[in-house]
Structures are given as C-alpha cells and as structure tokens.
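# Examination of the molecular architecture
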Amino acid sequence: MKKRILTGDRPTGSLHLGHYVGSLQNRIQLQSDGYEMFNIIADLQVLTDRLDTKDVEKNIRELVLDYLSVGIDPKKTNIFIQSRVSQLSELFVYLSMLVNVGRVGQNPTVKEETKATGGGNMSLGMFSLGVSQSADILAFNADLVPVGEDQLPHIEQARDLVRSFNHNFGDVFREPEAMLSKTPRLLGLDAQNKMSKSRGNAIFLSDTKEVVEKKIKTAVTDSDSSVRYDEEKKPEVSNLIMMYHLFSDMSIDEIVKKYEGVKSYKEFKEDLAEVINKFLDPIRERREQAEKEEDIARILRDGTQRAIEETEKTMQKVRKAMKYEYRSIF
Ligand code: ATP
Ligand code: MG
C-alpha cells in the first residue's frame, strides 16, 4: 500500500524561506516519489491565537499560489480546507476524551503561552491544539508528517493518542512519524526567533527582487564586520551565511573563504540578496503563470472532497470500534 502523508500550514500569511527548507522541499520530494499526499490548510488553527479573521480567505488563496509556485501539483497532492472536513472535528472530540489536561499542559506551545499570559487567558482551542492536530493526522491514518522542529511535540501527542485509542477500542490507527528536514528550524532575519509569518522576520516566497534586497540590506549584523561562521558569538551573521549556503551550491567553508579579509558586510549582503533572488526567480515565474492559468477554487473543492471521503472511511472504523455506529437506530 502507498504510504500516506499529511502536512500543512495555517493560512496566516504567505509562505517563507523557512517553510521551503523546513517542509515544502520534503513535500515536493515525497510527491514525486509517488506517496499519497494530503495537504491541510489549517484555517481552524488560525483562531488559536487571534479572532481577527478578515484575511483568512485571502490567505488561503495566497497559500495555494505559494504551493503551486514551488511545484506542489494538485493532481498529485490533495489540498483541502480543515474547517470543511467536519470528520476532523468529530475525531477531535473523541480524542479529547483520551488524554488528560496534565498531559496536554506539557505541550511546549501551551507552556510558552502559559508563561506569556499566565495561562488563564489562553483559549481552550489553543490549549488543545496538539489534540486537534492529532485528529488531523489520525483521520488520514498518515504514516509520515513532514514538519519543522516546532511541531515535534504534536506528533508525539498523536502517537500517544494512537496507543490509547487502540488499547481502549481496538486497532484502528497507525503511529505516525515526523519527518524533519536537514534544516528543521531556519532562523528569521532577527536571528532571535525562527523565521515566522507572524513575526515580521521573514523573506516570503512571493517577495519581489527589490523587497528581498531591502530586507537583506537592513538585516541585523554586528559591529565586527568579518564574515565568519560562529553561531554563538556571531548569531546574526552566521544565520545569513546559513541562508547563503542553503540557497546556493556553496558550502559554509567556501562562503567564509570567499569573504576572507573583506572589511564590511556590504558585498556579502549584496551577493546574498542575489543568491536568494536567483533561487526565487523560477518560483516567481511559476506563481505568475499559476495566477493566470489555475482554477484555485476548483483545486480546493476537489482536494476537500477527497479529504472528506478518506476521513469518512476512518470515522466509520472509529464509530464501529467505539460502538457508536448505532446500527439498530440508523
Ligand atoms: P505562524 O507565525 O502564523 O505560526 P509559521 O511561519 O510558524 O506561521 P506555520 O503555518 O505555523 O508557519 O507552520 C507550517 C509548517 O512550516 C510547520 O510544519 C512548521 O514547523 C514549518 N515551519 C515554519 N517556520 C519554519 C522555520 N523557520 N524553519 C523550519 N520550518 C518551519
Ligand atoms: Mg507556526
């Protein structure tokens, strides 16, 4: 049987270079290796940290264009909208009975939020995010989940829930495995946090040439002015060297060597912007083409329909295992 992949993103903004190296690259590889691909647009998850929903619909469209621009092929990858697959919400309710609040509170995202806000202000939806994400993965009985490092605890949660469900109701689910890339956490231009849509520290796949040049030019460095790789003493410059390496065919050593003795970051930064722009050029071209030629609504309707069919199959097994089929009634 073909292995199944579930992966996805929140429609909170455009995709960036962190997504590319952290997850999209793996998705494209798995897609061409012939895996059965389901790509979730996690619109319900948007609500975990904001109630302003005015951009969600626009962001869904942008996300699909981002996918198409990097080579995700809707004929091979089912792209679907989370909230339109009610089976996912149904499974979430069942799974939420199988885990205690102590365990859910151990989730690092929840812990961080508790630290930041005192905990009492956290929405129940944010608190249970790991369980909701588990439902998304398990409803497809996914084998592999290509994600960035920040998602690992959620996959662990999903595996726990598989054991608990199978133990209580019989074997329905398989334990999914996380698939990390070689760069599971690309830092942002601030070098403090991971590159993230919501932190203003990202280079987006849809950024123009000029925007990339400006972002690199104003990226934080240090006053030492030498291009050396030292994550501890020179985190900002090291992060820029890492980007240079990831989007060119040069090793870190080769890059450092190239700028040996140069007493300013100007030339290095100009070259880095060029490297990134060269990488983004074909992506920009494909995006423009997709905007003209592709029927986004149709891609989403077809992908969502497939997702409903597949998750309904799982839910029939779940209801049967739980004795919630009620054959004598319905
Ligand atoms: P937000 O700030 O709204 O949470 P995000 O940039 O974190 O957005 P998500 O949609 O939450 O993006 O994440 C989608 C996927 O991309 C996840 O698997 C996540 O681990 C991965 N990812 C996001 N940012 C990075 C990064 N900087 N490096 C590697 N992987 C990343
Ligand atoms: Mg995120």
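This is a predicted model, so every value here is computed, not measured.

### A few points about the domain arrangement of the protein chain
- Split by domain assignment, the protein chain resolves into domain 1 (4-185 + 295-321) and domain 2 (209-289).
- Between domain 1 and domain 2, the C-alpha centre-to-centre distance is 32 Å.
- Contacts between the two partners involve 11 residues from domain 1, matched on the other side by eight residues from domain 2.
- Taking both sides of the interface into account, the surface hidden between domain 1 and domain 2 amounts to around 860 Å²; carbon and sulfur atoms contribute 68%.

### Thoughts on the site of ligand 1
- Near ligand 1 you find 22 residues, and of these D150, K194, S196, K197 and S198 are the closest.
- Within the side chain of H19, a nitrogen or oxygen atom sits 2.9 Å from an oxygen atom of ligand 1.
- Summarising the interface, the protein chains cover 93% of the accessible area of ligand 1, which totals 600 Å² for the free molecule.
- For the shell around ligand 1, the secondary structure elements donating two or more residues are β1 (4-9) and α1 (17-32).
- Ranked by residue count, the leading element in the shell around ligand 1 is α1, at three residues.

### Quick look at the side chain of T48
- By the element assignment, T48 lies in the loop between α2 (43-46) and α3 (56-70).
- Engagement of the side chain of T48 in a polar contact is seen with the side chain of R10, the distance being 3.4 Å.
- Non-local contacts of T48, meaning those with residues more than four positions away in its chain, are made with R10, S123, G125, M126 and L129.

### Things to note about a nonpolar patch on the surface
- A cluster of nonpolar side chains, contributed by Y324, Y326, I329 and F330, occupies part of the molecular surface with about 500 Å² of accessible area.
- Following the sequence through the fold, F330 ends up in the segment after α14 (296-321).

### Notes on the pairing of strand β3 (residues 77-81)
- For β3, the buried fraction is high: five of the five residues fall into the buried class.
- Residue alternation in β3 divides its side chains into two sets, T77, I79 and I81 and N78 and F80, and both sets are buried.
- Relative to β3, strand β2 (residues 36-41) runs parallel, the two sharing five bridges. Across the sheet, the residue bridging to F38 is N78, located in β3.

### Focus: the nonpolar core
- By size, the foremost hydrophobic cluster in this structure holds 53 residues, and its most contacted members are L17, Y20, L205, I276 and L280.
- At the level of elements, α1, α3, β3, α10 (209-217), α11 (235-246), α12 (252-258), α13 (266-293) and α14 are the ones that each hand at least two residues to this core.
- When residues in this core are grouped by element, the largest group, nine residues, is from α13.
- Built from parts of two domains, this core gets at least three residues from each of domain 1 (4-185 + 295-321) and domain 2 (209-289).
- Here L17 is in contact with L186, M195, I203, L205, F247, I276, F279 and L280, once residues within four sequence places are set aside.
- A135, V147, I155 and V318 belong to the second-largest nonpolar core, a separate cluster that totals 32 residues.

What counts, and at which threshold
Residues numbered from 1 in each chain as written. Chains lettered and ligands numbered in written order. Predicted model: local features only at pLDDT ≥ 70, side-chain atom pairs only at ≥ 80, totals over all residues. Heavy atoms only, no water. Domains from an automatic or database assignment. Contact = heavy atoms within 4.5 Å. Buried area = accessible area lost by both parts, 1.4 Å probe. Near = heavy atom within 4 Å. Polar contact = N/O pair within 3.5 Å; in protein donor to acceptor, adjacent residues only side chain to side chain. Areas by Shrake-Rupley, 256 points an atom, 1.4 Å probe, with all protein chains shown as cover. Helix = DSSP H or I, 4+ residues; strand = E, 2+ residues; numbered from the N terminus. Patch = residues over 30% accessible without salt bridge, like charges linked within 9 Å, V, L, I, M, F, W, Y side chains within 5 Å. Salt bridge = Lys/Arg side-chain N within 4 Å of Asp/Glu carboxyl O. Buried < 20%, exposed > 50% of the residue type's maximum accessible area, 1.4 Å probe, protein only. Pairing = 2+ DSSP bridges. Core = buried A, V, L, I, M, F, W, Y, C linked by side-chain atoms within 4.5 Å.

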